[in-house]
Each structure stands twice: as C-alpha cells, then as structure tokens.
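Here are the chains, one letter per residue:
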Amino acid sequence: MDRHPRRWLILIVLCLSTLVLVVDNMVLTVAIPTIAEDLKASAQDLQWILDSYMLVFAGLLLTAGSLSDKFGRRKVMVIGLALFGAASVVAMEAATPGALILGRVLMGVGGALIMPSTLSILITVFDDAERPKAIAAWSAVAMVGLVGGPVVGGALLAHFWWGVVFLLNIPIAGLAIIAALVLMPESKGPWRKADPIGMVLSMVGMTALIWTIIEFPKGGLDQQGTQFSLGVAVLGLVGFGVWESRCSSPMIPVSLYRNRVFTGASFSLVLLTLAQGGLMLVLTQYLQFVLGYSATQTGLAFTPLALATLAFNSVGAALLPKTGNRAMAVFGLLVIASGFGLLSTLNPESGWGVLAGAMCLMGAGGGLTMPAAMAAMMGAIPDEHAGVGSALNDTVQQAGAALGVAVLGAVLSSTFTGHMPAAAPAAARHSIGDALVVAARTGDKSLLASAYDAFTSAMSASFLAGGAGVLVAAVLAVFLMRDGRPTGAPDEGACEAASDEGACEAASDEGACEAASDEGACEAASDEGGSEAASDEGACEAASDEGGSEAASDEGGSEAAETGLAGVTH
C-alpha cells in the first residue's frame, strides 16, 4: 500500500481521540467524593455514575465497529467525538445524580463510536512495516492517560469545582474533530447487508456480561439479580455466536477464530488485561489504605509504570521486525509475570524501591507485549473488517479488565476475610477499608495491625493469581501466535503460486492454499505462522487453469505481512 503523506499527523489525532476517553474515566474517580457531597448522591447513585458508562460502552462496541465499516470510519469517529463533547456539557451542568448519569450514558455511546474507529483508521493508514510503531504510540497514550488522569484531576479539583473534569473533554474533542476532517481520509469496507439481529444479541450479551462481572464481587451467585444477568449474558452471547455462524452476512466473521494467530492473540490479551485490571485495583488499595497516599499521590506513584511502558513500547516496536510478534509477546509476558512475583513480596514496611522496581518490570513487559499482541490480532483481520476487528480488540480488553477487577477482587476479598482473626468485628472482616473505619472508631490498634497483615496476605495471593494468568497467556502465545517469515525471505519460504492442479500451494499444514476467507481471499497459514505470498506486489496469486485468481490485491486480498509485523498475514 502507498504510505499516506499525513499519516503521522493522523496518528496524533487518533491519540487525542483515545486520550479524551481514558483521561475522563480516570479523572472521574478522583472527583467522586466531591460529586457525592455536592449532588447529595447515594452509594447507589455513585455506582451508576461510574458503571453506566462502562455498560453502554462495552455493549455498543461491536455494533459501533460494524457501523464504522459500513458507513465510514472517520464519519463514525467524528460523530462519536461530537456526541462525547455534547454529553460532557450535560454532565458538567448536572444538578442532580440522575442528570449526571444521563450524561455518562451518552458519553458511553460516544466513546463506543470513537474507540473502534481509531484503531481501524490506524491500520488502514499505516502499512505493515510502520504499523507496530503506530500501535505502540497509540497504546502508550492510554497509559499516559491512566497515570496522568488522577494527577491532573487532583490538581484541578484543588482549585475548581468538580465539573472541570468534564470541561476538559470539550476542547480536546473539538480539536480532534477539526483535525480529523482536515487531515484524515475516509475509509470503509465493501457494502454488506446489515445484521440487526447480531447487533441486538451482541449488545444484550455484552451489557449483561459486564453487569454480572460488576455485581459478582458484592454477593456472588447467591443474588437473584446476578443469576438473572448471567443467564441473559450466556443466552445472548451463545445466541450471537450461533447466529453469526449461520448468517449470510455476519457482523463479525466467526471464521476468524479458526485462525490460530487471532485466537492466540485474543486470549493472551484477555488474560493480560485481566491481570492488569486487577493490578490497579489491588495496588491502589495498598497505596491508599496501607501507605496512606492521597488520590493524587497514588497517581504519581504509578509514574514508574507509565515511564517504563512508554520506553519499552518504542523498544518493542523497533525490535518487532527482527523478533516477530510471538517471541516479543512471550518475552514481555514473562517480564510481567516476574513483576507480579516481586509485587507479591510487598508488606507495610517495604520500601519504595521494591514497589518502583516491580512497576518498572510491569511497565516494561506491558510495553513489549501489547503492541506485539495487538499487531498479531489486527494483522489477522481482513481490511474490510478493520472496524469490527478493532471493536473486537477493544471488547477483548474491556472484558479482560472487568474480569480482572472481579476475579482478583474476589481473591483479595476472600483471602482478607480468611486471614482476619475470628474475634474481629464482623463489619471489619469484609475489606481493609471497613476494617480501618472500625479501628479508627474504636481505637483498637490490634485490629489495625491484624487488618494490615490480612491485607498483605490477600494482596500477595491476588498478585500470584495475576502472575499465573499471565503465564497462561505466555503459554497460549507460544503455541498459537505463529509468526511468518519477514518480507524478502528466501524463495524456499515463499508461496508457490502454481501446482499440478494450477492451485496456489501456500505451504500450509497440508501444503494447500486455503482460499476460504469471507471475500474468497487466500489465507496462507503455515506451521511457522503463515507463508509469504511472494509476488511483485507481495500478494499470493492463486494461478488456476482458467487464468489465475488473484487471491490478494490492494483492494482487499490476503496481503503478505511485511517486515514490521514479521510476516503475519491478513
């Protein structure tokens, strides 16, 4: 593909669009106490202020990705940015909890339109050689927002009212809209019939799944509401899978999951984001409840994690052409696992060095792993499905992070309760926050010491569980994320485009060319991770007796991956 002359400026716009989503959510967590006081919001109101966004965002992701493929990725992103900015005005001017919840719901709709479009535009603007660097920069922005959000929020709330956390979104969204209209080309997939049934099933299934994950730690499956939402999630997602496999024009090509690279990258990302989501939950409690950090200090404490991620994002992107996605992802996951191991040794007396060292390991591993896993996953998706493929990536990470909070949160809670003395008050045995409240009210120093010890044990168990999940992800990456040969490999690794029958022998398991993609393109997948379709244009031409069908072209065939993705084929 020809390189777009303004691709790096376009990347800045995409990063701005992503940043506005991440910063908003992280800043809001700092503002919650002030919002509760000013709006007289109950605990249930606060839960809906936080969770309504996530429920709508997760439920609409796949549908939004499909719409961007159909109607135009730039168009959908601009609409999402406009809606997000307008919803921020609603939230900023809210005088009641209900009005703020409405604003958050509308922001969730806007966010769902923005997020899939950013990554899908990225992969259509950048070619295989430059894509890893672009993905590294795009994902690094999320880490900057993750760490910088609470810091910026704390500084602003010290001088302004809580509505300023939403005011921030408006100029960023406006600038991104103008830049998108000026700089970005429009892109869309070939015309396809709409899949309204698939859209409804995905929305119902994903919303119910996220709600179940949110509610599960509060009472397990003993609550009827959680049982009902779990049943709806199972029925919705199973129904979605069955429908998509039988629909003549599916929203998502289910055949993608027969691609080992796509499947391996997907499950590796789920387990990685699961561990990282749990990390933020557990480590934040350690910093605030055990070490006594404020919200702003907690954000600053994650600086080593952010800096290491940024540095190793660049390192990983530079090394990917030499190492391939699989080796880079596996190595990064092992580094993350070592970071979890170091975190499991933390106690109330641990110095800053242990914590900073562990976060540097976590950041370095994440910086190496995320671009490689995302490049592998997106490289397996045909260009015509770039929007819904990006939505799949976002959904995988959203579900993984939510699962991390639920699963590692459950490990933390149950282990804490199990390690608290039997004589401790019942109200102090649920969480360290409750224990500190009871200890402060009663002046019981022994209860305080017991709570710290119990939390340390619970934290260690949670970090070990997170490390185990990352190791499983590394094993999946070893066996499923196969790399192809770099572009320009010797002839013996290239695709033999003519056989006795006139078919393209792509050196697959049976040595035959698999020509069964949605568009009839040739998927050249070998045991080494995909054959290189070595024609002058880099595409696999499946020559037949009738004259040769070109299974890959600039318009949407199977493009042999270039050096940047180490030979992963679309």
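Residues numbered from 1 in each chain as written. Predicted model: local features only at pLDDT ≥ 70, side-chain atom pairs only at ≥ 80, totals over all residues. Heavy atoms only, no water.

Chemist: Explain helix α9 (residues 224–246) to me, using residue names and the numbers behind them.
Modeler: With 23 residues, α9 should reach 33 Å at 1.5 Å per residue; the first-to-last C-alpha distance of 33 Å fits that figure. Regarding α9, the residues found buried are Thr226, Ser229, Ala233, Gly236, Phe240 and Glu244. (Helix = DSSP H or I, 4+ residues; strand = E, 2+ residues; numbered from the N terminus. Expected span 1.5 Å × (residues − 1). Buried < 20%, exposed > 50% of the residue type's maximum accessible area, 1.4 Å probe, protein only.)

Chemist: I'd like to hear about the packing of aromatic side chains, residue by residue, with values.
Modeler: Applying the stated criterion to the full structure yields five aromatic pairs. Where Tyr53 meets Phe57, the ring centres are 5.6 Å apart and the plane angle is 10 degrees; that geometry is what we call stacked. Pair noted here: Tyr53 and Phe57 are both in helix α2 (residues 43–71), with a separation of four residues, about one helical turn. By the burial criterion, Tyr53 is buried, and Phe57 matches it. Measuring from centroid to centroid gives 6.2 Å for Phe340 and Phe463, while their planes differ by 45 degrees, and the two rings are tilted. A residue pair is termed long-range when its members are at least 10 positions apart, and Phe340 in helix α12 (residues 303–343) and Phe463 in helix α16 (residues 445–480) qualify at 123 residues. The ring of Phe71 has Lys70 lying over it, and the distance from NZ or CZ to the ring centre is 5.9 Å. (Phe/Tyr/Trp six-rings, centres within 6.5 Å; stacked < 30°, edge-to-face > 60°. Lys NZ or Arg CZ within 6 Å of the ring centre and 35° of its normal.)

Chemist: How would you summarise the side chain of Ser52 if you had to cite specific residues and measurements?
Modeler: With respect to the helices and strands, Ser52 occurs in helix α2. You can call Ser52 buried: its relative accessible area is 3%. At 2.6 Å, the side chain of Ser52 and the backbone oxygen of Trp48 are in polar contact. The residues touching Ser52, leaving out its near neighbours within four places in the chain, are Gln47, Ile101, Arg104 and Val105. (Polar contact = N/O pair within 3.5 Å; in protein donor to acceptor, adjacent residues only side chain to side chain. Contact = heavy atoms within 4.5 Å.)

Chemist: Talk me through a nonpolar patch on the surface; I want residue IDs and the actual numbers.
Modeler: Together, Phe216, Leu221, Leu230, Val234, Val238 and Val242 make up a nonpolar patch on the protein surface, roughly 460 Å² of accessible area in all. Among the elements that line the nonpolar patch, the one with the most residues is α9, at four residues. (Patch = residues over 30% accessible without salt bridge, like charges linked within 9 Å, V, L, I, M, F, W, Y side chains within 5 Å. Areas by Shrake-Rupley, 256 points an atom, 1.4 Å probe, with all protein chains shown as cover. Salt bridge = Lys/Arg side-chain N within 4 Å of Asp/Glu carboxyl O.)

Chemist: Please set out the packing of helix α15 (residues 432–442) against α16 residue by residue, giving values where relevant.
Modeler: Two elements in contact, α15 and α16, have axes whose closest approach is 9 Å; the angle formed by their N-to-C orientations is 170 degrees. Accordingly, the angle class assigned to the pair α15 and α16 is roughly antiparallel. Contacts between α15 and α16 involve Ile432, Ala435, Leu436, Val438 and Ala439 from the first element and Leu447, Leu448, Ala451, Tyr452 and Phe455 from the second. By residue class, the composition of the contact of α15 with α16 is ten nonpolar, no polar and no charged. (Axes fitted to C-alpha atoms, helices over the stretch in contact; angles between N-to-C directions. Parallel < 35°, antiparallel > 145°, perpendicular 65-115°, else oblique. Nonpolar A, V, L, I, M, F, W, Y, C, P; charged D, E, K, R; others polar.)

Chemist: If you had to explain unusual backbone geometry to someone new, which residues and values would you point to?
Modeler: Phi at Lys40 is positive, roughly 55 degrees, even though this residue is not glycine. The residue Lys40 is located in the loop between α1 (7–39) and α2 in this model. Since its relative accessible area comes to 68%, Lys40 is described here as exposed.

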